[in-house]
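Residues per chain are reported as follows:
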Amino acid sequence: MHWKENEDRLIYLSTHDELTGLPGRVLLDDRVTMNIEMARREKQFLSLIVLNLDGYRKINDLLGHAVGNELIKSVAERLQICVRRSDTVARVGEDEFAMIMMGVGQGNIEMIAKKIMAAMQRSFRIQEHTLHIRTNLGVSIYPEHGENFLQLFRNAETAMYRSRSSGKNHWGIYCDQISDIERSDLSLESAMYEGIEKGEFMLHYQPIFCARTGQLKGAEALMRWLSPKQGFISPMKFIPLAESSGLIKVLGAWALRSACLQAKQWQDSGLREFYISVNVSPHQFVQDDFLELTNRTLHETGLLPSSLVLEITETMLMDNPQKSGDTLSKLHAAGIKIAIDDFGTGYSSLAYLKKFPLSVLKIDKTFVDDVVNSLEDMAIIGAILSLADGLNLQVVAEGVENDAQLGFLREEGCDLIQGYLTGRPINAEAFKEQHIA
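Please read these numbers as outputs of a predicted model, since none were measured by experiment.

Overview of the overall build of the protein
Scanning the protein from terminus to terminus reveals 18 helices and 17 strands. Summarising its shape, the C-alpha atoms of the protein cover approximately 80 × 55 × 50 Å along the three principal directions. Considering the protein as a whole, with its 437 residues, one finds that 48% of them fall into the buried category. For the protein, contacts bridging at least 24 residues in sequence account for 68% of all contacts bridging at least 6. For the protein, the exposed surface amounts to about 22100 Å²; the carbon and sulfur share of it is 51%. Seen as two clouds, the 45 positive and the 58 negative side-chain charges of the protein have centres 3 Å apart.

Structure (structure tokens):
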């Protein structure tokens, strides 16, 4: 009967998650369909919960798959304790679970959702690690939010993503009413599509100077949107929207190309050792063709790789260290420099400075603002400069607005400065007038 055991095992694996033993997506579909039939006959409610673990991949990458697997098993156990034996808990993705609850509707789902969230917020002890996992949870209810598995699952996921956008460790019930914020986002998103087609986006350039000599060394390219109807729209508003809608890939590629082309023109006009610094969005950075796009852009614009600095954040770097490391190594091998933007505001672990091939640290404006009066900020900037010196990294201080700040930074040995004291972001024409003879 050996073949029978193998057959049974294959059937089990096709319907269950091997790691946790929980039902998988296929079996969940079957059970929801069966429960919907029962709920229809007995005129009952049915709730479908979808739960996502935020930051699981980072734990997996930093601490290894063994720790990641143990964490998933612990989450599965905790979820099963939160629900009744008659309820189904399923694993439907690498970091996603779903639960079906018969007879549960608007009246009692809040209590259950809060119980699950409270259970997930307690720390997990895995091997020698104490881990905190952030969770987002979405709920859809039969028959109000769907009459089949696909509708209910899609709406529960929508509720989960909406809860995620409102912050970490949130939950929400699906609502087919679009909120005022979502409605304004949708109209801004459609205006953005139109704006890209009509050339409403432009780059402004903020100069970067040598702190010691005052010589112009480079500029940071900053995206601006001038809408005919609304005037200048803040990047704080349109960049997150461009990222969530996927438009950032188009905008990012355009910004990279425009900035490289402009830098090459300025170099040809006399700015010999001038570099351009371009911000890279997390969505661009993880694209498989990002490296190819960057190399192609440099080739087509004629800008040397050594004249390009790509600015990324600490968070981007650490969200997927394995992939980040591969991408950075290839960019570095091509001669392109990498800057860590907003340095000091993200990860407390500095191990990545040694691990990744970086060239520049940009000290965040928050440390520069009060550096003349704050001993803490003085100590932090002093430590960053000392650290950078030891690791052979250049430092750019952002947000320099007065002579006292500049004096302190110069005295401490900061390489480069950027801020309103030496130049606000301005369009290409004004930049040329001010900085190119």
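A closer look at the nonpolar core
The biggest cluster of nonpolar side chains holds 72 residues, and the ones touching the most others in it are Ile-276, Leu-308 and Leu-310. Tallying contributions element by element places helix 9 (residues 248-268) first for this core, with eight residues. For Leu-310, the residues in contact, after removing those within four places along its chain, are Leu-256, Val-278, Val-280, Phe-290, Thr-294, Leu-331, Ile-336, Lys-337, Ile-338 and Ala-339. Membership of the second largest hydrophobic core comes to 33 residues, among which are Ile-49, Leu-51, Ala-76 and Met-101.

Section: the pattern of salt bridges
Two side chains that carry opposite charge are able to pair once their charged atoms sit near each other. Evaluation of the coordinates by the stated rule reveals 16 salt bridges. The salt bridge partner of Glu-220 is Lys-362, with a shortest N-O separation of 3.0 Å. Here Lys-362 lies in strand 14 (residues 360-363) and Glu-220 lies in strand 9 (residues 216-227), a separation of 142 residues in the sequence. On the accessibility criterion, Glu-220 (5% relative accessible area) is buried. The class of Lys-362 is buried, set by a relative accessible area of 2%. Glu-311 is the partner of Lys-362 in a salt bridge, and the nearest nitrogen-oxygen pair spans 2.7 Å. Of this pair, Lys-362 sits in strand 14 while Glu-311 sits in strand 12 (residues 308-313), and the two are 51 residues apart along the sequence. Each of Glu-220, Glu-311, Lys-362 and Glu-398 takes part in one network of salt bridges that share partners.

Overview of the sheet that holds strand 1 (residues 46-54)
As summarised here, the arrangement of the five strands in space is 2-3-1-6-7, forming an open sheet in which the pairing is mixed. In this open sheet, the two strands that pair with only one neighbour each are strand 2 (88-93) and strand 7 (170-173). Going across the sheet, the axis of each strand differs from the next one's by a mean of 20°, ignoring polarity. Summarising the sheet, strand 2 and strand 3 (residues 96-102) pair through five bridges and their orientation is antiparallel. Bridge pairing in strand 3 places Ala-90 opposite Ala-98. Helix 2 (residues 25-42) contacts strand 1, strand 2, strand 3 and strand 6 (134-142) of the sheet and is inclined by roughly 20° relative to strand 3.

Here's the deal with helix 5 (residues 106-121)
Taking 1.5 Å of rise per residue, 16 residues should cover 22 Å, and helix 5 covers 23 Å from first to last C-alpha, within 8% of that figure. Every buried residue of helix 5 is accounted for by Ile-109, Ile-112, Ala-113, Ile-116, Met-117, Ala-119 and Met-120. When helix 5 is viewed along its axis, its buried side chains cluster within an angular range of 155° and face the same direction. Away from its buried face by more than 90 degrees, helix 5 exposes Gly-107 and Met-111. Elements in contact with the buried residues of helix 5: strand 1, helix 4 (65-82), strand 3, strand 4 (124-126), strand 6 and strand 7.

Focus: the environment of Pro-282
Position of Pro-282 among the secondary structure elements: in helix 10 (residues 282-285). C-alpha separation for the pair Pro-282 and Asp-54, spaced 228 residues apart in sequence, amounts to 16 Å. Not counting residues up to four positions away in its chain, the partners in contact with Pro-282 are Glu-243 and Met-316.

Quick notes on the packing of aromatic side chains
The full count for this structure, using the stated rule, is ten aromatic pairs. Centre to centre, the rings of Tyr-205 and Trp-266 are 5.0 Å apart; their planes meet at 75°, and the pair counts as edge-to-face. Highlighted residues: Tyr-205 in strand 8 (residues 201-210) and Trp-266 in helix 9, separated in sequence by 61 residues. Accessibility classification places Tyr-205 together with Trp-266 in one group, the buried group. Sitting over the ring of Phe-153, Arg-25 keeps its end group 4.2 Å from the ring centre. The ring of Phe-124 has Arg-78 lying over it, and the distance from NZ or CZ to the ring centre is 3.7 Å.

Points about the pairing of strand 11 (residues 275-279)
Within strand 11, four of the five residues are buried, which leaves it mostly tucked inside the rest of the structure. Relative to strand 11, strand 9 runs parallel, the two being bridged by four bridges. By the bridge assignment for strand 11, Ala-221 is matched with Val-278.

What to know about the packing of helix 9 against helix 11 (residues 290-301)
Two elements in contact, helix 9 and helix 11, have axes separated by 9 Å at closest approach and are oriented at 30°. Classified by the angle between their axes, helix 9 and helix 11 sit roughly parallel to one another. Between helix 9 and helix 11 the crossing geometry is right-handed. Where helix 9 approaches helix 11, its residues Ala-253, Leu-256, Arg-257, Cys-260, Leu-261 and Lys-264 are matched on the opposing element by Leu-293, Thr-294, Thr-297, Leu-298, Glu-300 and Thr-301. Partitioning the contact of helix 9 with helix 11 into residue classes produces six nonpolar, three polar and three charged.

Concerning helix 17 (residues 403-412)
When helix 17 is considered as a whole, its buried residues turn out to be Gln-405, Leu-406, Phe-408 and Leu-409. End-on view of helix 17: buried residues confined to an arc of 165°, all on one side of the axis. Residues of helix 17 that are exposed and angled more than 90 degrees away from the buried face: Asp-403 and Glu-411. Those residues of helix 17 that are buried are in contact with helix 15 (365-369), helix 16 (375-390), strand 15 (394-397) and strand 16 (416-417). The backbone nitrogen of Ala-404 has a side-chain oxygen 3.2 Å away, supplied by the residue at the start of helix 17, namely Asn-402. Gly-413 sits one or two positions beyond helix 17 and adopts a positive phi of about 90°.

Conventions used here
Residues numbered from 1 in each chain as written. Predicted model: local features only at pLDDT ≥ 70, side-chain atom pairs only at ≥ 80, totals over all residues. Heavy atoms only, no water. Helix = DSSP H or I, 4+ residues; strand = E, 2+ residues; numbered from the N terminus. Buried < 20%, exposed > 50% of the residue type's maximum accessible area, 1.4 Å probe, protein only. Contact = heavy atoms within 4.5 Å. Areas by Shrake-Rupley, 256 points an atom, 1.4 Å probe, with all protein chains shown as cover. Lys, Arg positive; Asp, Glu negative; His and termini not counted. Charge placed at Lys NZ, Arg CZ, Asp CG, Glu CD. Core = buried A, V, L, I, M, F, W, Y, C linked by side-chain atoms within 4.5 Å. Salt bridge = Lys/Arg side-chain N within 4 Å of Asp/Glu carboxyl O. Pairing = 2+ DSSP bridges. Axes fitted to C-alpha atoms, helices over the stretch in contact; angles between N-to-C directions. Expected span 1.5 Å × (residues − 1). Arc of directions from axis to C-beta. Phe/Tyr/Trp six-rings, centres within 6.5 Å; stacked < 30°, edge-to-face > 60°. Lys NZ or Arg CZ within 6 Å of the ring centre and 35° of its normal. Parallel < 35°, antiparallel > 145°, perpendicular 65-115°, else oblique. Left-handed = near helix turned anticlockwise from the far one by under 90°. Nonpolar A, V, L, I, M, F, W, Y, C, P; charged D, E, K, R; others polar. Polar contact = N/O pair within 3.5 Å; in protein donor to acceptor, adjacent residues only side chain to side chain.

Remember, this is a structural readout, not a statement about activity or role.
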